[in-house]
Every structure is written in structure tokens, then in C-alpha cells.
Amino acid sequence: NVTFVGDKAVCAPLHTGILPSTFVQTETPLRGLGRENDKAFDLVATLPPDQLKAARIDHDVSDLVFGPGHPDAKLAPEGLLGSAMSEQQRKIMFSVASEWAGILNEAHSAQRLEEIRRSLPDTRFAWSGPTTHEPDMNGESYFRLHGPSLLIEHAPQGNQGGYKLHVHTVMRDLGNDYAKQLV
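The following refers to the structure shown. (Residues numbered from 1 in each chain as written. Predicted model: local features only at pLDDT ≥ 70, side-chain atom pairs only at ≥ 80, totals over all residues. Heavy atoms only, no water.)

## What to know about the packing of helix H3 (residues 87-101) against helix H4 (residues 106-118)
Contact pair H3 / H4: the axes reach a minimum separation of 10 Å and the direction vectors enclose 150°. It follows from the interaxial angle that H3 and H4 lie roughly antiparallel. For the pair H3 and H4, the sense of crossing is right-handed. Facing H3, whose interface residues are Phe 94, Ala 97, Ser 98 and Ala 101, H4 presents Ser 109, Arg 112, Leu 113, Ile 116 and Arg 117. Partitioning the contact of H3 with H4 into residue classes produces five nonpolar, two polar and two charged. (Axes fitted to C-alpha atoms, helices over the stretch in contact; angles between N-to-C directions. Helix = DSSP H or I, 4+ residues; strand = E, 2+ residues; numbered from the N terminus. Parallel < 35°, antiparallel > 145°, perpendicular 65-115°, else oblique. Left-handed = near helix turned anticlockwise from the far one by under 90°. Contact = heavy atoms within 4.5 Å. Nonpolar A, V, L, I, M, F, W, Y, C, P; charged D, E, K, R; others polar.)

Here you go:
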């Protein structure tokens, strides 16, 4: 969903999914949602035990709380707060967020990405599931970024091939879904 108003564009809510997550196109192996998956696993790999404990949540990996049909879902912020992370960890968290918030061209995504960058200390990273995955395969873990205006969920699905092959994600702009601030 992209809403254009003048020279502004809002790409939220954004619901992406992949099945199967790996396939071959013109002899080139491709992995859908692979960068998003790998960057999140890179972030969780940097967490020492105390931070990992703060990030861990008890959540069914295949549930999207803010998925289609749930625009007004409420969710208490949980997980590791960005202000408790190192600068390097926040850079990785921003890189994860950029995979969703940066899909439009630079002219339309720069302002949103800067807003997300400024709010990183108030953004939480939550994780449920294993903390490692096979190289070149998506993992079997749910993760969430939840900030003042950003909500991203990544939820592997257990059906139709299993958690490594079927993934649903959602990104919401909590104050501007469907460009409601612009229209």
C-alpha cells in the first residue's frame, strides 16, 4: 500500500510475505526476505546474555499482532530498548528497519528513515525463537521492532513448507498508516 499526496509518499501499512523463501530464477538462487532475516540474526548475535534476556518475549512465532485485519491492535512495548544498546547495535537495528521503511526511492523514504533513526533510543527489539539459523536459509524466529511510530513484525509460518520457507511480515507507521496525516 503506497499513498501519494503531492510530492509525499507513505508506504504503510506494508504486508509482505514469501512462499517458498528460496527459489531459482534464471539459474540464480534467490532467497526472499533473506536480508531482513539475516540482519535480525546479526543483531541478536551481538546481544550479550543480559540484553538477550531483555529482548526475549514469549510469542508464537507465526502470529502477526498487527497483520491484515488488525489496524487498531494494541501491544505493550516489550523487548530490549534501543537506549540500552551500543551504537553498533542501533546501527544494525536501523539497517533492519531500513529493509522495510527504505523500499521507496530515496526522495520518498529519506524523511521517514531519518525519523526512525532519531527514534532508535526509544525503539524496542523483541525476539522469540532460536538465535541461530543455517547459512543461506531463513530462520525460525519471530522478531519485532516497536518504536514511537514504527512497528515491524517478522513471523515465520509453520504451514505450507514450514517456518524456514513461509514468512509473513508487516510494517506499520503507527501515526500515519494510509497517509492519514496527509489526507
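## Side note on the packing of aromatic side chains
Tallied over the full model, the rule gives four aromatic pairs. Their ring planes at 70° and their centres at 6.3 Å tell us that Trp 100 and Phe 143 sit as a pair that is edge-to-face. Of the two residues, Trp 100 is situated in helix H3 and Phe 143 in strand E8 (residues 142-146); the sequence distance between them amounts to 43 residues. Pair check on accessibility: Trp 100 and Phe 143 agree, each one buried. (Phe/Tyr/Trp six-rings, centres within 6.5 Å; stacked < 30°, edge-to-face > 60°. Buried < 20%, exposed > 50% of the residue type's maximum accessible area, 1.4 Å probe, protein only.)

## A closer look at the layout of surface pockets
One number sums up the size of the largest pocket: a volume of about 430 Å³. Contributing to the lining of the largest pocket are 24 residues, with Ala 9, Val 10, His 108, Arg 112 and Asn 176 lying nearest its centre. Considering every element that reaches the lining of the largest pocket, the biggest residue donor is H4, with six residues. Tallied by class, the residues present in the lining of the largest pocket amount to eleven nonpolar, seven polar and six charged. Of the pockets and cavities examined, the second largest pocket occupies roughly 180 Å³. Lining the second largest pocket are Phe 66, Pro 71, Asp 72, Ala 73, Lys 74, Arg 172, Asp 173, Leu 174, Asp 177, Tyr 178 and Lys 180. Residue composition of the lining of the second largest pocket, by class: five nonpolar, no polar and six charged. (1 Å grid on protein atoms, 1.4 Å probe; cavity = no way out; pocket = protein on both sides within 12 Å on 5 of 7 lines; lining within 4 Å. Points joined across faces, edges and corners; volume = space filled by probe spheres on them.)

## Topic: the pattern of salt bridges
Evaluated as defined, the whole model comprises ten salt bridges. When the shortest N-O distance is used, the salt bridge between Arg 90 and Glu 87 registers 2.9 Å. Note that Arg 90 and Glu 87 are positioned in helix H3 at a spacing of three residues, about one turn of the helix. The residue Arg 172 makes a salt bridge to Asp 177 at a minimum N-O spacing of 2.7 Å. Across the pair, Asp 177 and Arg 172 agree in class, each one buried. Residues participating in the shared-partner salt-bridge network are Arg 35, Lys 39 and Glu 99. (Salt bridge = Lys/Arg side-chain N within 4 Å of Asp/Glu carboxyl O.)

## A few points about H3
Along an α-helix, residues three or four apart share an orientation, since each turn contains 3.6 residues. Here H3 spans 20 Å end to end across 15 residues, near enough to the 21 Å set by a 1.5 Å rise per residue. Across the 15 residues that make up H3, a large majority, eleven, are buried. Of all the residues in H3, the buried ones are Gln 89, Arg 90, Ile 92, Met 93, Phe 94, Val 96, Ala 97, Ser 98, Glu 99, Trp 100 and Ala 101. (Expected span 1.5 Å × (residues − 1).)

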